[in-house]
Amino acid sequence: MPELRLDGVGFRHGGQAALDGVELTIARGEQVAIIGPSGAGKTTLLRLLASHLQPQQGHLDLLGCDPWRLSASARRRLRARIGMIHQAPPLPPRQRVVTAVLAGRLGQWSLGRGLASLVYPLDKVGAAEALARLDLADKLYERCDQLSGGQLQRVGIARVLYQQPELVLADEPVSAMDPVLARHALGVLCADAHRRDATLLASLHAVELAIEQFPRIIGVRAGRIQFDKPAADVEVADLDALYANDQLVTAQPLLPVNPQLHVSRC
Ligand SMILES: Nc1ncnc2c1ncn2[C@@H]1O[C@H](COP(=O)(O)OP(=O)(O)OP(=O)(O)O)[C@@H](O)[C@H]1O
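Parameters at a glance
- Residues numbered from 1 in each chain as written.
- Predicted model: local features only at pLDDT ≥ 70, side-chain atom pairs only at ≥ 80, totals over all residues.
- Core = buried A, V, L, I, M, F, W, Y, C linked by C-beta atoms within 7 Å.
- Buried ≥ 20, exposed ≤ 12 C-beta atoms within 10 Å, placed from the backbone.
- Helix = DSSP H or I, 4+ residues; strand = E, 2+ residues; numbered from the N terminus.
- Domains from an automatic or database assignment.
- Contact = placed C-beta atoms within 7 Å.
- Nonpolar A, V, L, I, M, F, W, Y, C, P; charged D, E, K, R; others polar.
- Near = placed C-beta within 6 Å.

Some words on the nonpolar core
Item 1. Counting residues in hydrophobic clusters, the biggest one holds 73 residues, and the most contacted among them are V101, A158 and A210.
Item 2. Tallying contributions element by element places helix α6 (residues 149-163) first for this core, with seven residues.
Item 3. Residue-level mapping places this core at the junction of two domains, with at least three residues from each of domain 1 (1-81 + 167-266) and domain 2 (90-164).
Item 4. With sequence-adjacent residues up to four places away left out, V101 is seen in contact with A127, A130, L131, V155, A158, R159 and Y162.

Below, the structure is given as structure tokens:
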């Protein structure tokens with residue numbers, strides 16, 4: 001049985017079409033990068049897969065069931081098996097980093113343990129280990145509002161490393177990091193998913209990183225899947241067509257003089 005399956009899925013935000021007729025199957029343990037221009041529908045796709053949004057057309061199969069046929073409590077249990085990494089992690093500003101990381105397992109803990117951990121961090125060693133993998137162990141007791149955007153993104157990733165979910169959905173997880181840290185953080189995420197046979201989907205604007213780190217690339221444009229192929233088969237023409245922007249009359253060509261692939265950032 002596939003880990004994820006979208007069958008003719010469509011979604012509109014109010015009057016604004018975001019996804020249309022999306023067909024997609026992803027097997028357990030796959031690592032997939034989703035690329036495409038701004039407004040293509042990548043975040044909407046990830047939010048549908050996280051069961052934060054309900055498809056308005058078509059059908060979603062998520063970890064072996066239709067989340068929208070489950071009771072609210074069963075859907076909560078299903079969501080505890082999913083780790084979501086946000087571009088701007090929605091962490092309470094005054095929360096300590098250690099508490100933010102440990103909150104990754106709130107969905108797996110009893111109410112009592114979860115409340116206790118919010119008041120006094122119960123597994124400081126576990127949180128420190130997850131942060132150390134992202135070179136952030138020295139921030140364990142820092143407040144979240146004292147971190148930079150890239151550091152906050154690393155806290156969001158550490159939280160999912162600590163959670164150890166079956167499915168990781170990452171929406172622009174390294175967009176605020178410098179190139180060296182971005183490569184390192186994505187590498188940690190991919191290696192962790194591989195080690196646990198977890199499934200990983202990440203939307204990325206850094207095309208070069210996507211192709212370097214992920215074996216399968218899905219190009220989304222105007223709410224539709226434009227291509228879905230192994231990273232080794234993605235060609236410059238695929239990227240030119242994916243990112244073509246008729247409204248930017250001064251746009252530079254996507255292909256620089258010699259490189260095999262262009263780093264495209266929107
Ligand atoms: N809350 C919302 N209300 C109205 N329209 C929305 C909302 N969220 C997204 N949209 C629209 O849905 C479409 C897809 O948006 P989405 O955020 O999924 O794109 P994206 O590919 O993630 O973009 P980006 O790369 O800029 O983050 C866009 O046209 C966007 O304007």
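A word on the domain arrangement of the protein chain
Item 1. Under the domain assignment, the protein chain is made up of domain 1 (1-81 + 167-266) and domain 2 (90-164).
Item 2. Taken together, the 14 residues of domain 1 in the interface contact 12 residues of domain 2.
Item 3. Per-element tally for the side of domain 1 that touches domain 2: the top contributor is helix α7 (residues 179-196), with six residues.
Item 4. For the side of domain 1 that touches domain 2, the residue count by class is 10 nonpolar, no polar and four charged.

Looking at the site of the ligand
Item 1. Residues in contact with the ligand, as listed here, are H13, G14, Q16, A18, G36, S38, G39, A40, G41, K42, T43 and T44.
Item 2. Of all the secondary structure elements, the ones that give two or more residues to the shell around the ligand are β2 (16-26) and α1 (42-49).
Item 3. Ranked by the residues each element gives to the shell around the ligand, the list is headed by α1, at three residues.

Some words on the environment of A193
Item 1. Mapped onto the fold, A193 is located in helix α7.
Item 2. Note: C-alpha distance between A193 and G29 (164 residues apart in sequence) is 7.3 Å.
Item 3. Apart from residues lying up to four places away in sequence, A193 is in contact with Q31, V168, A198 and L200.

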